[in-house]
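Spelled out from the first residue to the last, the chains are:
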Amino acid sequence: MRDFYLMVDCNNFYASCERVFAPRLEGKPVVVLSNNDGCVIARSQEAKALGIVMGEPAYKRETFFARNGVHVFSSNYALYGDMSARVMQTLAGFAEETEVYSIDECFLLLRGLGTSSLLETAREIRRTVRKWTGIPVCVGLARTKTLAKIANRLAKKADGDGVRLLEDEADIDRILGDMDTGDIWGIGRKSALRLSSCGVHTALDLKNQADDWIRRQLTVTGLRTALELRQIPCIALEDTPPPARSLVCSRSFGTRIESLESLEEAVSAYVQRAAEKLRRKGLVAAAVQVFLETNRFQPGPRYAGSRCRALAAPTADTLDLHGPALEILRDIHKPGYKYQKAGVILLDLSPAGNRQLSFLEPHGEEKTRRDALMRVMDRINTVHGRGSLTLAASGLGKKSWHMRQERRSPCYTTSWAELPLVR
DNA sequence: TCTGGGGTCCTAGGACCC
DNA sequence: TCTGGGGTCCTAGGACCC
């Protein structure tokens, strides 16, 4: 009775979220698009069955969607984030130690249970999450996180009951023998290609390679993965997430942008959003980076610029970050290009409390007033909706750089104005 | 016309130190 | 015949994840 990792993964998460509040979509093909209504990032079973591929550009499939009665949604992260929190909160009741791995995945660590209790717990998890949140999940169980991920994939296959335990060595080898290395958690396209060129094709092949060979080919991270395939735990549960090291706000534009003025508005809006996130996490940034790029899929002149700048002192104050960010933008901007995307990255993050003070930064009364201003801005934007109070620099008129979001569902659970109605 | 956004970790190589 | 040996820190770039 050793430790077991459970990987709980929500089925077709974004599509399932849309369905919770629109039961008429049950049994129908549903897809959710990325920001800017760009490409397909989630598909219901029915959509998968129609042959719709993950990551496919939506514009190439418009007529196909219409012809096949596919229900198409813009992504609604307010809804998915809130539903995710509900699922994770439910899961936290089942184990002392959990790791929220992504918006739709969670590892649980269970200690000292026999096989039958493990399986019973896994089934109970499925029932409870479905009942309390409406979201269907599958559970994979194994002695390492890497194998638990694989077990979860097996659990998702239609013929099972949504739960799969991977423990028996012969069973594991049989499964790994049927699996491409690229399907292993941590082995990406490049590594898979490289392994393949050395004659290592299946997960079982990798498991059976010599340690020093694996290390040479894939570095220590790859070796850890291989050890995990041998049921030797190397990747620990991250119960308390390490503090964030960087933070990004970037968007593709709704239309291509040429004028510096519009780019300034966009970057101004992104800095404000990034600073909000920073304050919410209780962090300060010591450096800011801005990047700008043309569409990399289109023919024609291309350009990508990026520059980073250290700040006079670490800060979470929108006004301190705003000036430097716009200066960088003017530096890297080259006229004559049609830009597609820009972003702001905050770097060298540290907790707001224990930082080195500088003579250059606002202090005393000025500092107190600025902190109060930021608190008021955040409060107003929380209560009245994001973007209610902004700097004028992000523009007052119509914003051509705003991302497209033409088919967003209501924020059923996070906006009073959009609550579902029951008749 | 139209192809997402937000992260982490590892390595190599250079600068610099004693 | 022969050119020390280690160490740290930083950065850029690559690879990976969802």
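Since the model is a prediction, treat every value here as computed from it, not as a measurement.

Procedures and definitions
- Residues numbered from 1 in each chain as written.
- Chains lettered and ligands numbered in written order.
- Predicted model: local features only at pLDDT ≥ 70, side-chain atom pairs only at ≥ 80, totals over all residues.
- Heavy atoms only, no water.
- Helix = DSSP H or I, 4+ residues; strand = E, 2+ residues; numbered from the N terminus.
- Rg over C-alpha atoms; globule rule 2.2 N^0.38 Å.
- Buried < 20%, exposed > 50% of the residue type's maximum accessible area, 1.4 Å probe, protein only.
- Contact = heavy atoms within 4.5 Å.
- Areas by Shrake-Rupley, 256 points an atom, 1.4 Å probe, with all protein chains shown as cover.
- Lys, Arg positive; Asp, Glu negative; His and termini not counted.
- Charge placed at Lys NZ, Arg CZ, Asp CG, Glu CD.
- UniProt positions renumbered as here; feature names shortened; annotations may be inferred.
- Core = buried A, V, L, I, M, F, W, Y, C linked by side-chain atoms within 4.5 Å.
- Near = heavy atom within 4 Å.
- Polar contact = N/O pair within 3.5 Å; in protein donor to acceptor, adjacent residues only side chain to side chain.
- Nonpolar A, V, L, I, M, F, W, Y, C, P; charged D, E, K, R; others polar.
- Expected span 1.5 Å × (residues − 1).
- Bend = angle between axes of the 7 residues up to and from the residue.
- Pairing = 2+ DSSP bridges.
- Axes fitted to C-alpha atoms, helices over the stretch in contact; angles between N-to-C directions.

Student: Would you explain the overall build of chain A in this entry?
Tutor: Secondary structure assignment for chain A yields 13 helices and twelve strands. By the compact-globule yardstick of 22 Å for 423 residues, chain A fits well, its C-alpha radius of gyration being 24 Å. For chain A, with 423 residues in total, the buried portion stands at 46%. Looking at chain A alone, contacts between residues at least 24 apart form 68% of all its contacts between residues at least 6 apart. As presented, chain A carries roughly 22200 Å² of accessible surface, and 52% of it is formed by carbon and sulfur atoms. A gap of 4 Å separates the mean positions of the 61 positive and 50 negative side-chain charges of chain A.

Student: Got a minute to help me understand the UniProt feature "domain: UmuC" (unreviewed entry) in chain A in this structure?
Tutor: UniProt annotation of "domain: UmuC" (unreviewed entry) refers to residues 5–188 when read in the numbering used here. From the first C-alpha to the last, residues 5–188 spans 22 Å; its make-up is 41% helix and 21% strand.

Student: Would you take a moment to explain the nonpolar core for this structure?
Tutor: The nonpolar side chains of a soluble globular protein tend to be buried, and buried together. Core analysis: the biggest nonpolar cluster contains 35 residues, and Phe-13, Leu-91, Leu-108, Ile-125, Ile-135, Val-139 and Leu-141 have the highest contact counts within it. Mapped onto this core, the elements with two or more residues apiece are strand E1 (4–10), helix H1 (13–20), strand E2 (30–33), helix H4 (77–92), strand E6 (105–110), helix H5 (115–133), strand E7 (137–142) and strand E8 (163–166). Per-element tally for this core: the top contributor is H4, with six residues. For Val-139, the residues in contact, after removing those within four places along its chain, are Leu-6, Met-7, Val-8, Ala-122, Ile-125, Arg-126, Asn-152, Ala-155, Gly-162, Val-163 and Arg-164. In terms of nonpolar packing, the next biggest core, distinct from the first, is built from 34 residues, Ala-266, Val-290, Leu-311 and Leu-326 among them.

Student: How should the protein's contact with DNA strand B be read in this particular structure?
Tutor: For DNA strand B, the set of nearby residues contains 26 residues, the closest of which are Tyr-59, Val-248, Ser-250, Ser-252 and Arg-256. Protein-proximal atoms of DNA strand B, defined as those within 4 Å of the protein, fall in sugar or phosphate at a share of 74%. In this structure, Arg-245 approaches DNA strand B through a main-chain N or O atom, which is 3.2 Å from a phosphate oxygen. Residue Arg-251 places a side-chain N or O atom 3.2 Å away from a phosphate oxygen belonging to DNA strand B. Broken down by secondary-structure element, the contributors of at least two residues to the surface near DNA strand B are helix H10 (211–229), strand E9 (247–257) and strand E12 (339–351). Among the elements that line the surface near DNA strand B, the one with the most residues is E9, at seven residues. Partitioned by chemical class, the residues of the surface near DNA strand B number eight nonpolar, eleven polar and seven charged.

Student: I'm lost on the side chain of His-333 in this one. Help?
Tutor: You can see His-333 is positioned in the loop between helix H12 (318–332) and E12. The residues contacting His-333, other than those within four sequence positions of it, are Glu-258, Leu-260, Leu-263, Leu-292 and Tyr-339.

Student: What am I meant to see in the protein's contact with DNA strand C here?
Tutor: Contacts to DNA strand C come from 13 residues, most closely from Ser-102, Glu-105, Lys-149, Gly-186 and Ser-191. Within 4 Å of the protein, the contacting atoms of DNA strand C are drawn from sugar and phosphate to the extent of 100%. Contact between DNA strand C and Lys-190: a phosphate oxygen at 3.2 Å from a main-chain N or O atom of the residue. Listed by contribution, the elements that provide at least two residues to the surface near DNA strand C are strand E5 (97–102) and helix H8 (189–197). Within the surface near DNA strand C, the residues separate by chemical class into four nonpolar, four polar and five charged.

Student: Whenever I open this one, H10 confuses me. Can you help?
Tutor: Helical geometry note: an α-helix holds 3.6 residues per turn, so side chains three or four residues apart project in the same direction. The terminal C-alpha atoms of H10 lie 12 Å apart, and with 19 residues this falls more than 12% below the ideal 27 Å at 1.5 Å per residue. Leu-218 marks the point of greatest bend in H10, at about 130 degrees. Of the positions making up H10, those classed as buried are Trp-213, Ile-214, Gln-217, Leu-218, Gly-222, Leu-223, Thr-225, Ala-226, Leu-227, Glu-228 and Leu-229. Tucked into the core, H10 has its buried residues touching helix H6 (145–156), helix H7 (169–177), H8 and helix H9 (203–207).

Student: Sorry, what's going on with the sheet that holds strand E3 (residues 40–43) here?
Tutor: Hydrogen bonds between backbone atoms are what pair the strands of a sheet, whose relative direction is either parallel or antiparallel. Taken together, three strands build an open sheet; the order of strands is E3-E2-E4 and the sheet is mixed. The open sheet has two edge strands, E3 and strand E4 (71–73), and neither has a second partner. Averaged over all pairs of adjacent strands, the angle between strand axes in this sheet comes to 25 degrees, irrespective of strand direction. Note that E2 and E4 share three bridges and pair parallel. In the sheet register, Val-30 faces E4, and the bridge partner there is His-71. Helix-sheet contacts for H1 involve E2, E3 and E4, and the interaxial angle to E2 is about 115 degrees.

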